[in-house]
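Here is how the chains run, residue by residue.
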Amino acid sequence: MSNARKVHVKSFGCQMNVYDSHRMADTLAPEGYVETATPDDADLVILNTCHIREKAADKVYSEIGRIRVMKDEAAAQGRQMLIAVAGCVAQAEGGEIVRRAKAVDLVVGSQNYHRLPEMIARARNGERVIDTEFPVEDKFDALAAPRREEIAKRGIAAFVTVQEGCDKFCTFCVVPYTRGAEVSRPVEKIAAEIERLAAAGVREVTLIGQNVNAYHGVAANGAAATLGGLLRRLARIEGIARLRYTTSHPRDMDDDLIAAHVDLPELMPYVHLPVQSGSDRILDAMNRRHTAAHYLDIVARMRAARADLAFTSDFIVGFPGETEEDFQATLRLVETVGFAGAYTFAYSPRPGTPAADMADQVPAEEKTRRLHALQALIARQQRDFNAQFIGRTLPVLLEKPGRLSGQLVGKSPYLQAVQVMAPPGLIGRVVPVAITELGTNTLFGVLAEDARAPVLAEAGA
Ligand code: SAM
Ligand code: SF4
């Protein structure tokens, strides 16, 4: 394959971009492109960008500057390097990128990745190509499936997009503009994709969507399926030991999905449920369409259904008009729920969203102060959450060799990294691990005594 062209895809932002990056690489593979881990020797560099906060969007331009130097060096050696900008910045500021960054050869919006081969062919002939339309055809149908060896290389835990876009229009958020209206993929197409993954060794699948629990894809019988229904169908796929989903909206957390957590042992008891704020006044201004009490009620109902459920969340501090009292309400909500972790953000005004033009923008220093206070509380809760497992046994899906010789690293049901001494034959297996110690971001343990002999014998160790 010495004549193969090399593509380097760099992902910014959320897991949906990671999934899209894989699918872009899969689509370019039949065109002779192989993936390379670094940009300097690439014939094509794709920056798959994020527009969610100002800092994320700004990164793109500094990254283009860095790659441009490599592009000039390649040109000096008589080699063509193309630079493509994909993802949400491409979608939101396509024309602007082409104007501002002369080194960029093509701009492709998040719904148009299936058109990449044709766009690249034009760019190779010197044309600057831009495609950010929302097409009528389904990109998922047109994107190539990954090859078995590519799936294996990507590891035993995979992400699969089942839903894209958002109809909620929270006043701070660009997603409804960059990713468009909600679209759900049909159940059987998702099942077929996951069957392929499972056949290549994938054991854990996280279903992803901007608003994943608003999922409403067509089922085999032609009726609309809920996320609960989809999960029930996927749990039957042989080889899939674990299922997860993210990101959910409190408004779409229905009884069927809660029941799926009770009925399906494959569905992990770990739920990412963003609340953003604990103040009803701010939730209303954010157009979240739920109150703090509504959120707490969902958490209580889910815990009543399944006691070992743990929650993580997203928070924005310093939304326009947020007072100290509103912020205190957020801290109270956090104290009430007790989170296993959370993503916390200072509000970042995004052009074109209603909140960007609201009065009473909170000063930057105040946002930082609130952010640090919230982060300290969440960090304490996360430590307490992890510490409770010392002396207990957790089922761990072993994923890959650890840093020490003879060590494997895997994930608990709560996505905690767990290090354990175990033979490589156990990779891909769920084994009971007695947790002995807590590191900064990792749990340490030993194969549980009662499981040692049969598990090791089966692994041929
Ligand atoms: N759909 C999800 C939801 O309903 O929460 C997540 C969407 S977004 C990709 C992930 C997180 O980024 C949001 O939950 C929010 O906390 C944060 N976020 C979105 N827009 C923001 C902004 N303008 N400023 C700061 N944080 C923002
Ligand atoms: Fe953005 Fe999530 Fe709100 Fe949709 S529900 S607008 S993706 S924060």
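Our subject is the structure listed above.
Residues numbered from 1 in each chain as written. Chains lettered and ligands numbered in written order. Predicted model: local features only at pLDDT ≥ 70, side-chain atom pairs only at ≥ 80, totals over all residues. Heavy atoms only, no water.

A separate point is the site of ligand 1. With respect to spatial proximity, 16 residues lie near ligand 1, and among them F172, Q210, Q276, D314 and S348 are the closest. In the environment of ligand 1, a nitrogen atom lies 2.5 Å from a nitrogen or oxygen atom belonging to the backbone of Q210. Here a nitrogen atom of ligand 1 and a backbone polar atom of S348 are 2.8 Å apart. Taken by itself ligand 1 offers 560 Å² of open surface, and the protein chains cover 90% of this. Elements with a minimum of two residues in the shell around ligand 1: β13 (310-317) and β14 (341-346). Class assignment of the residues belonging to the shell around ligand 1 gives a composition of 7 nonpolar, 5 polar and 4 charged. (Near = heavy atom within 4 Å. Polar contact = N/O pair within 3.5 Å; in protein donor to acceptor, adjacent residues only side chain to side chain. Areas by Shrake-Rupley, 256 points an atom, 1.4 Å probe, with all protein chains shown as cover. Helix = DSSP H or I, 4+ residues; strand = E, 2+ residues; numbered from the N terminus. Nonpolar A, V, L, I, M, F, W, Y, C, P; charged D, E, K, R; others polar.)

We now examine the side chain of Q419. Among the secondary structure elements, Q419 is positioned in strand β17 (residues 417-421). The contact partners of Q419, leaving out residues within four places of it in the chain, are G402, R403, Q407, L408, V409, T442, L443, F444 and G445. (Contact = heavy atoms within 4.5 Å.)

All right, on to the packing of aromatic side chains then. The description of an aromatic ring pair uses the distance of the two centres, along with the angle that the planes make with each other. All chains considered together, the criterion is met by 8 aromatic pairs. Geometrically, the ring pair formed by F385 and F389 is edge-to-face, given 5.2 Å between the ring centres and 75 degrees between the ring planes. Its relative accessible area of 2% is what places F389 among the buried residues. Chaining the aromatic ring pairs together yields one cluster made of Y270, F385, F389 and Y414. (Phe/Tyr/Trp six-rings, centres within 6.5 Å; stacked < 30°, edge-to-face > 60°. Buried < 20%, exposed > 50% of the residue type's maximum accessible area, 1.4 Å probe, protein only.)

Next up on the list: helix α14 (residues 364-387). Compared with an ideal rise of 1.5 Å per residue, which puts 24 residues at 34 Å, α14 spans 34 Å between its outermost C-alpha atoms and is within 8% of the ideal. Those residues of α14 not exposed but buried are K367, R370, L371, L374, L377, I378, Q381, F385 and N386. Where α14 is buried, its residues meet β13, α13 (324-337), β14, β18 (430-438) and β19 (442-447). (Expected span 1.5 Å × (residues − 1).)

Across all of its chains, the model carries 34 salt bridges by this definition. Note that R122 and E118 form a salt bridge whose closest N and O atoms lie 2.9 Å from each other. Of this pair, R122 and E118 both sit in helix α4 (residues 116-124), 4 residues apart, which is roughly one turn of the helix. Exposure remark for R122: the relative accessible area of 31% places this residue in the partly exposed category. Classification of E118 by relative accessible area gives partly exposed; the value is 43%. Of the charged contacts in the structure, one is a salt bridge between R369 and E324, with a shortest N-O distance of 2.6 Å. Note that R369 is positioned in helix α14 and E324 in helix α13, a separation of 45 residues in sequence. With relative accessibility at 39%, the residue R369 sits in the partly exposed group. (Salt bridge = Lys/Arg side-chain N within 4 Å of Asp/Glu carboxyl O.)

On to the sheet that holds strand β12 (residues 270-272), then. Strand order in the open sheet made by the 3 strands is β12-β13-β14, with parallel pairing throughout. Whereas interior strands pair on both sides, the edge strands pair on one side only; in this sheet they are β12 and β14. The average angle at which neighbouring strand axes cross in this sheet is 10 degrees, direction not considered. Sheet topology note: the β12/β13 ladder contains 3 bridges and is parallel. The residue bridging H272 from the neighbouring strand is T312, located in β13. Contacts from α14 reach β13 and β14, with the element oriented near 175 degrees to β14. (Pairing = 2+ DSSP bridges. Axes fitted to C-alpha atoms, helices over the stretch in contact; angles between N-to-C directions.)

In this model, T246 is joined to T247 through a cis peptide bond whose omega is 5 degrees. Within the fold, T247 resides in the loop between β11 (242-246) and α10 (255-263). Positive phi outside glycine occurs at Q276, with the angle close to 75 degrees. Mapped onto the elements, Q276 comes out in the loop between β12 and α11 (280-285). Residue classification places Q276 among the buried positions, given a relative accessible area of 7%. Located in the positive-phi region is R289, a residue other than glycine, with phi close to 65 degrees. Look at R289 and you get partly exposed, because its relative accessible area is 39%.

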